Amino acid sequence: MLIEKYKIAEHNDALMATHRRAFDYIAGEIPQTTEILQRLAAFQVGIPSWALGTGGTRFGRFPGGGEPRSLEEKIEDVGLLHQLNQSSGAISLHIPWDVPSNAAHIKAVAAQHGLRFDAMNSNTFQDQPGQQHSYKFGSLQHVNKAVRKQAVEHNIEVIRHGVELGSEALTVWLSDGSCFPGQLNFRHAFQNTLEGLQEIYAALPDNWKVFVEYKAAEPNFYSTTVGDWGQSLLYANKLGPKAYSLVDLGHHLPNANIEQIVSLLLMEGKLGGFHFNDSKFGDDDLTVGSIKPYQLFLIFNELVDGMDARGMNHNTDLGWMIDASHNVKDPLEDLLQSVEAIMISYAQALLVDRKKLLAAQQDNDVVTAQEILQQAFRTDVRPLVAAARLQAGGALQPLALYRSEKVRANLVQQRGLKTMATGL
Ligand code: AOS
Ligand code: ZN
Ligand code: ZN
Ligand code: ZN
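The residue count restarts for each chain, going from 1 along the sequence in the order it is written. Here the convention is simple: chains get letters from A, ligands get numbers from 1, in the order in which they are written. Only residues with pLDDT of 70 or above have their local features reported here, since the model is predicted, and side-chain atom pairs are shown and tallied only from 80 upward, although totals for entire chains, interfaces and linings are computed over all residues.

For the protein, the name recorded in an unreviewed UniProt entry is Sugar isomerase, with Chitinophaga hostae as its organism.

**Considerations on the overall build of the protein**
Along its length, the protein carries 15 helices and eleven strands. Atoms counted for the radius of gyration: C-alpha only. Globule rule: 2.2 Å times the number of residues to the power 0.38. In summary, the protein has a C-alpha radius of gyration of 22 Å against a globular reference of 22 Å for 424 residues, a match within 12%. With the C-alpha coordinates aligned to their principal axes, the bounding extent of the protein is approximately 65 × 60 × 40 Å. With C-beta atoms placed from the backbone, a residue is buried if 20 or more other C-beta atoms are within 10 Å of its own, exposed if 12 or fewer are, and partly exposed between those counts. For the protein, the residues scored as buried account for 46% of the 424 residues in total. Whether two residues are in contact depends on their C-beta atoms, placed from the backbone: they are in contact if these lie within 7 Å. Across the protein, the fraction of contacts at a sequence separation of at least 24, relative to all contacts at a separation of at least 6, is 80%. Secondary structure follows DSSP: runs of H or I at least 4 residues long count as helices, runs of E at least 2 residues long count as strands, and numbering of each begins at the N terminus.

**Focus: the nonpolar core**
We call a set of buried Ala, Val, Leu, Ile, Met, Phe, Trp, Tyr and Cys residues a nonpolar core when their C-beta atoms link them within 7 Å. Grouped together as the largest cluster of nonpolar side chains are 106 residues, with contacts concentrated most on Leu-40, Val-212 and Ala-347. Counting residues per element, this core draws most heavily on helix α10 (residues 331-351), which supplies 13 residues. Apart from residues no more than four positions distant in its own chain, Val-212 is found in contact with Val-172, Val-226, Ser-232, Tyr-235, Ala-236, Ala-243, Ser-245 and Leu-246.

**Description of the site of ligand 1**
Residue proximity rests on one test: whether the C-beta atom, placed from the backbone, lies within 6 Å of the molecule or strand. Around ligand 1, the structure places eleven residues, and the nearest of them are Asn-121, Trp-173, Asp-248, Asp-283 and Asp-323. Polarity classes work like this: nonpolar for Ala, Val, Leu, Ile, Met, Phe, Trp, Tyr, Cys and Pro, charged for Asp, Glu, Lys and Arg, and polar for all others, with Gly in that last group. Class assignment for the residues of the shell around ligand 1 results in three nonpolar, three polar and five charged.

**Examining the confidence of the model for the protein**
When the pLDDT values of the protein are averaged, the result is 96; 99% of them are 70 or greater. What the predictor reports for the complex is a pTM of 0.97 with an ipTM of 0.96. Across the chain, each position has a pLDDT score giving the predictor's confidence in that residue, from 0 to 100.

**What to know about the pairing of strand β5 (residues 169-173)**
Extensive coverage of β5 is indicated by the burial of five of its five residues. Going residue by residue along β5, you find Ala-169, Thr-171 and Trp-173 tucked away on one face and Leu-170 and Val-172 tucked away on the opposite face as well. For two strands to count as paired, DSSP must find a minimum of two bridges between them. Relative to β5, strand β4 (residues 120-121) runs parallel, the two being bridged by two bridges. The residue bridging Asn-121 from the neighbouring strand is Thr-171, located in β5. Looking down the strands as they point away from the viewer, one classifies a crossover as right-handed if the path from the first strand across the helix to the second runs clockwise. The parallel pair β4 and β5 is bridged by helix α5 (residues 145-165), and the resulting crossover is right-handed. Examined bridge by bridge, β5 and strand β7 (residues 209-213) share five bridges and lie parallel to one another. Across the sheet, residue Val-172 finds its bridge partner in β7, namely Val-212.

**Structural notes on α5**
End to end, α5 covers 31 Å across 21 residues, agreeing with the expected 30 Å (1.5 Å per residue, within 8%). Looking only at α5, the buried set comprises Val-147, Arg-148, Ala-151, Val-152, Asn-155, Val-158, Ile-159, His-161 and Gly-162. Gly-166 sits one or two positions beyond α5 and adopts a positive phi of about 90°. A helix is expected to span 1.5 Å multiplied by its residue count minus one.

**Considering the packing of helix α11 (residues 354-362) against helix α12 (residues 366-377)**
Axis definition: a line fit to C-alpha positions, over the contact stretch in the case of helices; interaxial angles, taken between N-to-C directions, run 0 to 180 degrees. The contact between α11 and α12 brings their axes to 8 Å, and the two run at 160°. Relative to α12, the element α11 lies roughly antiparallel. As α11 runs across α12, the sense of the crossing is left-handed. Mapping the contact onto sequence places Lys-356, Leu-357, Ala-360 and Gln-361 in α11 and Thr-368, Ala-369 and Ile-372 in α12. Roughly parallel means an angle under 35 degrees; roughly antiparallel means over 145; roughly perpendicular covers 65 to 115; every other angle is labelled oblique. Should the near helix be turned counterclockwise from the far one by less than a right angle, the crossing is left-handed, whereas a clockwise turn marks it as right-handed.

**Concerning the environment of Ala-104**
You can see Ala-104 is positioned in helix α4 (residues 103-112). Sequence spacing of Ala-104 and Arg-61 is 43 residues, and the spatial spacing of their C-alpha atoms is 34 Å.

Okay, here's the thing in structure tokens:
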């Protein structure tokens, strides 16, 4: 369900004069506009297949209709987002929710939309129909070797699917842990998990990475076997050069300084990827930038600083993915908002005067340091983000065009009202 090109052109033409005025103003204020536009245009965010349908909670789910019924339709939805914002050029799949029946065909559908396959996600947090062993008491940590073996084999299967599609990374998120003191021997759980990860690591193709995602709590509420960045880094270091930590913004204990974690993981060369979202309480998976936009900016500030220090490519050297899911918004509108929030924070981070910031730090000039950061954060960079989108062939206001084109209503007509995207 793509929007016809002339509609995008009409939309842009109608907004052009206003956009020009706003753009010229900001371009006059900052010296490095051309470079920023290039960087913004190159920056692509991976969309998770499971965010294309209404998420819901354990209390219920209120489907909105028109949700993708197949992997092809999920790819089409991401293709539509990418058409609108030109910044959603990748999709992150989840196995078994997205098992491709015909990989060559799926690859071709993605290519038609200009999409690549970002990290593949395995699932050992649910039991699937017909599965021999249950993950009720964990997967890679499990006391029974047969359960661990089943989980390892599943991950290797996920790598195989990813290879067929041209993905180059595996994200392992484990729900392993315990709900009550005494339930688990922490050392045994760690060692079992490490052994399993080592077997999975051994199955990675040369050009692949594995991302070890950590999470403080949920569904286990006493201990989590990959519970924080220390544990994730421990696994990644023990596994080897192809293993990295993955930071999901919602996976920290309250008030954790995520930007500092990001800085140190980058410094160690062990930051592999991101799951962007926002939260008030825990793993809320809310729209990126909806609750703590300053935190998001501070994270991007560390990302730009740390990646530049290591000579990394901003777009290709980390896996930038969204991980969101909720009950009350049209998922596609939500994703447009999330990608926009990411682009805004990235653009603001590119504005930071790093020489001046370093000088202020060396002088212990705390006030100036804060001024420099907040000067960037308080700059309205939306015209820059829109200009980059425009240059790439996208829409000046993706959300407005999505609404005026009545995309959701058309999807409902096409796919029906009672649709159920596979997944959580
Ligand atoms: C779970 O809390 C993690 O954030 C996972 O990354 C993700 O939500 C899951 O793999 C989706 O199935
Ligand atoms: Zn996640
Ligand atoms: Zn999560
Ligand atoms: Zn989350």
